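So you can see what is in the structure, the chains are spelled out below.
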Amino acid sequence: MANKQKELDLLRVYRKTTHRRTGPDLIHAWYTPGLILAVIGLAVWGGILLGDRGLSGQISETLDWLSDPQVMDQYYESRQKQAYNEGVLQDIQEVEALTGALDTYPRVDRALVAQIRAAGGAQVDMALTGYDAASGLLSFEARSAQVIDIPGYVLSLQDTGLFDTVRYTGYEYDDGTYILSLSCTLAAKDGGEEAAS
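What you are looking at is a predicted structure, and each value in this text was computed from that prediction instead of being measured. (Residues numbered from 1 in each chain as written. Predicted model: local features only at pLDDT ≥ 70, side-chain atom pairs only at ≥ 80, totals over all residues. Heavy atoms only, no water.)

It is worth spelling out the overall build of the protein chain at this point. Counting its regular elements, the protein chain contains 6 helices and 4 strands. Counting helices and strands in the order they occur from the N terminus, the protein chain gives α-α-α-α-β-β-α-β-β-α. Looking at the protein chain as a whole, 18% of its 197 residues are labelled buried. In the protein chain, 54% of the contacts between residues at least 6 apart in sequence involve partners at least 24 apart. Working note: accessible area of the protein chain is about 15,500 Å², and carbon and sulfur atoms make up 56% of it. (Helix = DSSP H or I, 4+ residues; strand = E, 2+ residues; numbered from the N terminus. Buried < 20%, exposed > 50% of the residue type's maximum accessible area, 1.4 Å probe, protein only. Contact = heavy atoms within 4.5 Å. Areas by Shrake-Rupley, 256 points an atom, 1.4 Å probe, with all protein chains shown as cover.)

Right, here's the structure in full:
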């Protein structure tokens with residue numbers, strides 16, 4: 001009878017073990033997990049309250065520090081210094097842009113003025129009245145005791161190769177002198193357009 005099977009009556013075993021659990025054992029079986037969960041919940045809640053109290057203290061200290069008059073004065077002083085520095089940086093950028101623009105045009109010096117004077121010949125004298133370095137616009141007056149041949153003078157100025165454009169507003173007569181007002185845009189140096197862009 002080697003193949004004799006043993007029958008298990010699980011229902012009978014369950015009933016026997018249930019009858020044994022009475023009194024304190026049954027109470028422990030039902031309430032212990034709830035008590036453990038309640039203790040864990042209280043511990044977590046206490047940790048959150050402590051963390052909140054610590055954060056509230058840090059926030060209060062930070063607000064007190066921010067409202068300190070000495071700190072506020074330092075803040076406003078730093079803002080003023082920052083605005084000043086930004087202004088200086090903007091000025092530096094403008095100077096660099098102007099320097100770049102100046103580098104694209106011929107230098108306004110004695111040699112340039114001598115070339116302009118030579119275009120007018122012996123009868124025409126000239127006097128500079130303004131120069132805008134950013135645009136290369138050179139303004140001057142041509143003066144002569146005799147009526148100036150305007151088209152011939154303008155052609156002579158253009159033939160110098162110094163100017164991209166030559167404009168004039170006409171002339172006026174004042175105390176025996178004819179005065180011609182001119183605005184001429186200097187021609188950029190070779191490769192100046194690449195430097196400007």
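What follows deals with the packing of helix 4 (residues 110-120) against helix 5 (residues 150-159). Relative orientation of the contacting elements helix 4 and helix 5 amounts to 145°, with a least axis distance of 8 Å. With respect to the hand of their crossing, helix 4 and helix 5 are arranged in right-handed fashion. Along the contact surface, helix 4 presents Ile116, Ala119 and Gly120, while helix 5 presents Tyr153, Ser156 and Leu157. Here the residues of the contact of helix 4 with helix 5 sort into 4 nonpolar, 2 polar and no charged. (Axes fitted to C-alpha atoms, helices over the stretch in contact; angles between N-to-C directions. Left-handed = near helix turned anticlockwise from the far one by under 90°. Nonpolar A, V, L, I, M, F, W, Y, C, P; charged D, E, K, R; others polar.)

Right, let's get into helix 5. Because an α-helix packs 3.6 residues into every turn, residues spaced three or four apart end up facing the same way. Every buried residue of helix 5 is listed here: Ile150, Tyr153, Val154 and Leu157. Burial along helix 5 is one-sided: seen end-on, the buried residues are contained in an arc of 100°. In helix 5, those exposed residues whose orientation departs by more than 90 degrees from the buried face are Pro151 and Asp159. After helix 5 finishes, the residue glycine 161 shows a positive phi value of roughly 80°. (Arc of directions from axis to C-beta.)

In this section: the nonpolar core. If you look at the biggest cluster of nonpolar residues, it comprises 21 residues, and the most contacted ones within it are Ile116, Phe140, Tyr153, Leu157, Phe163 and Leu182. Aside from chain neighbours lying at most four places away, what touches leucine 157 is Ile116, Ala119, Phe140, Phe163, Val166 and Leu182. (Core = buried A, V, L, I, M, F, W, Y, C linked by side-chain atoms within 4.5 Å.)

With that out of the way, let us pick up the pattern of salt bridges. As enumerated under the stated definition, the model contains 3 salt bridges in all. A salt bridge links arginine 117 to aspartate 125, with the shortest nitrogen-to-oxygen separation between them at 3.4 Å. A relative accessible area of 39% places arginine 117 in the partly exposed class. (Salt bridge = Lys/Arg side-chain N within 4 Å of Asp/Glu carboxyl O.)

Turning to the sheet that holds strand 4 (residues 177-186), a few remarks are in order. Spatially, 1-2-4-3 is the arrangement adopted by the 4 strands of the open sheet, whose pairing is antiparallel. Of all strands in the sheet, those bounded by a partner on one side alone are strand 1 (125-132) and strand 3 (163-174). For this sheet, the mean inter-axis angle between neighbouring strands, taken without regard to orientation, is 20°. The pairing of strand 3 with strand 4 spans 9 bridges and is antiparallel. The residue bridging arginine 167 from the neighbouring strand is serine 183, located in strand 4. (Pairing = 2+ DSSP bridges.)

Relative to the assigned elements, threonine 185 resides in strand 4. The buried category is assigned to threonine 185, whose relative accessible area is 19%. Leaving out residues up to four positions away in the same chain, threonine 185 has contacts with Ser135, Gly136, Leu137, Leu162, Phe163, Asp164, Thr165 and Arg167.

So, on to unusual backbone geometry. Positive phi, normally seen in glycine, also occurs at aspartate 175, with a value near 55°. Positionally, aspartate 175 belongs in the loop between strand 3 and strand 4.

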